[in-house]
Amino acid sequence: QGLALNRDRYMDNIASLRVKKTGIELLQQGEKHLSKKEYDKAQTTFKKSLNKLKNDYTAHVLMAKCQLLMKKPSQALSYADRAKKLYPSEVQGHFIAGIAGKELKKYTMAYKNFDTCDKLLPGNPQISFYKGYCLDKKGDIKPAANNYINYLKMTGNQPNKYGQYAYNRLKQWGYTK
């Protein structure tokens, strides 16, 4: 009797591993579709994966990224928020939620997500830029300027669209010539 019980437990474990394996393979397929900019196919594949891996952080993050790329920030935010609940100490969920919030013009919420990113993984210049941008959009000029200055220092004034934007705002506000 004990042997049969052990065999049943073993078979249950194998079944759950098969479901996970299928879910992971679907995530990999979805990522391939994303890289080819086949967003509809990626979304369909990620949905199938989420049916297999209901509480999987990576599945929610990838679906959130897909939704952002499809210009669906509300849906992206929903998946990112779920990812944050599943794994609050991981940066990606907060970052995507911040980007989605920015796209939705929910600057206070976006700022909080970017600030969490900064606390979890300090030193990312892009986070400094986005924090500055959210504060800028809310009219909080001094802290926005500090974040833009920090961004420019961290990137060595690289000539890109973010650096140009930060520099122009600082110039408008009289922080630079």
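Predicted model only: the values in this text are computed from it and were never measured. (Residues numbered from 1 in each chain as written. Predicted model: local features only at pLDDT ≥ 70, side-chain atom pairs only at ≥ 80, totals over all residues. Heavy atoms only, no water.)

A. Region of the structure containing the side chain of Gln-43. Looking at the element boundaries, Gln-43 is found in helix H2 (residues 39-52). Judged by relative accessible area, Gln-43 falls into the buried class, the value being 13%. Not counting residues within four places of it along the chain, the set of residues in contact with Gln-43 comprises Met-63, Cys-66, Gln-67, Met-70 and Lys-72. (Helix = DSSP H or I, 4+ residues; strand = E, 2+ residues; numbered from the N terminus. Buried < 20%, exposed > 50% of the residue type's maximum accessible area, 1.4 Å probe, protein only. Contact = heavy atoms within 4.5 Å.)

B. Focus on the nonpolar core. Among the nonpolar cores identified, the biggest contains 31 residues, and Phe-114, Phe-129 and Tyr-148 are the most heavily contacted of them. Secondary structure elements with two or more residues in this core: helix H3 (57-69), helix H4 (73-86), helix H5 (91-103), helix H6 (107-120), helix H7 (125-138), helix H8 (141-155) and helix H9 (161-172). The biggest single contributor to this core is H7, with 6 residues. Not counting the four nearest positions on each side in its chain, Phe-114 is found in contact with Phe-95, Gly-98, Ile-99, Ile-127, Tyr-130, Lys-131 and Cys-134. Listed in part, the 11 residues of the second largest apolar core include Ala-42, Leu-50, Leu-53 and Met-70. (Core = buried A, V, L, I, M, F, W, Y, C linked by side-chain atoms within 4.5 Å.)

C. Spatial organisation of H4. The end-to-end C-alpha distance of H4, which contains 14 residues, comes to 20 Å, matching closely the 20 Å that a straight helix rising 1.5 Å per residue would cover. Tucked inside the fold, the buried residues of H4 contact H3, H5 and H6. (Expected span 1.5 Å × (residues − 1).)

D. Layout of the pattern of salt bridges. Tallied over the entire structure, the rule returns 8 salt bridges. The shortest N-O distance in the salt bridge between Lys-102 and Glu-103 comes to 2.9 Å. Judged by its relative accessible area of 15%, Lys-102 falls in the buried class. Overall, Glu-103 belongs to the partly exposed group, its relative accessible area being 45%. Between Lys-131 and Asp-115 there is a salt bridge, and its shortest N-O distance comes to 2.9 Å. Within this pair, whereas Lys-131 is found in helix H7, its partner Asp-115 is found in helix H6, the two being separated by 16 residues in sequence. This pair shows no difference in class: Lys-131 is buried, exactly as Asp-115 is. Connected via shared salt-bridge partners are Asp-115, Asp-118, Lys-119 and Lys-131. (Salt bridge = Lys/Arg side-chain N within 4 Å of Asp/Glu carboxyl O.)

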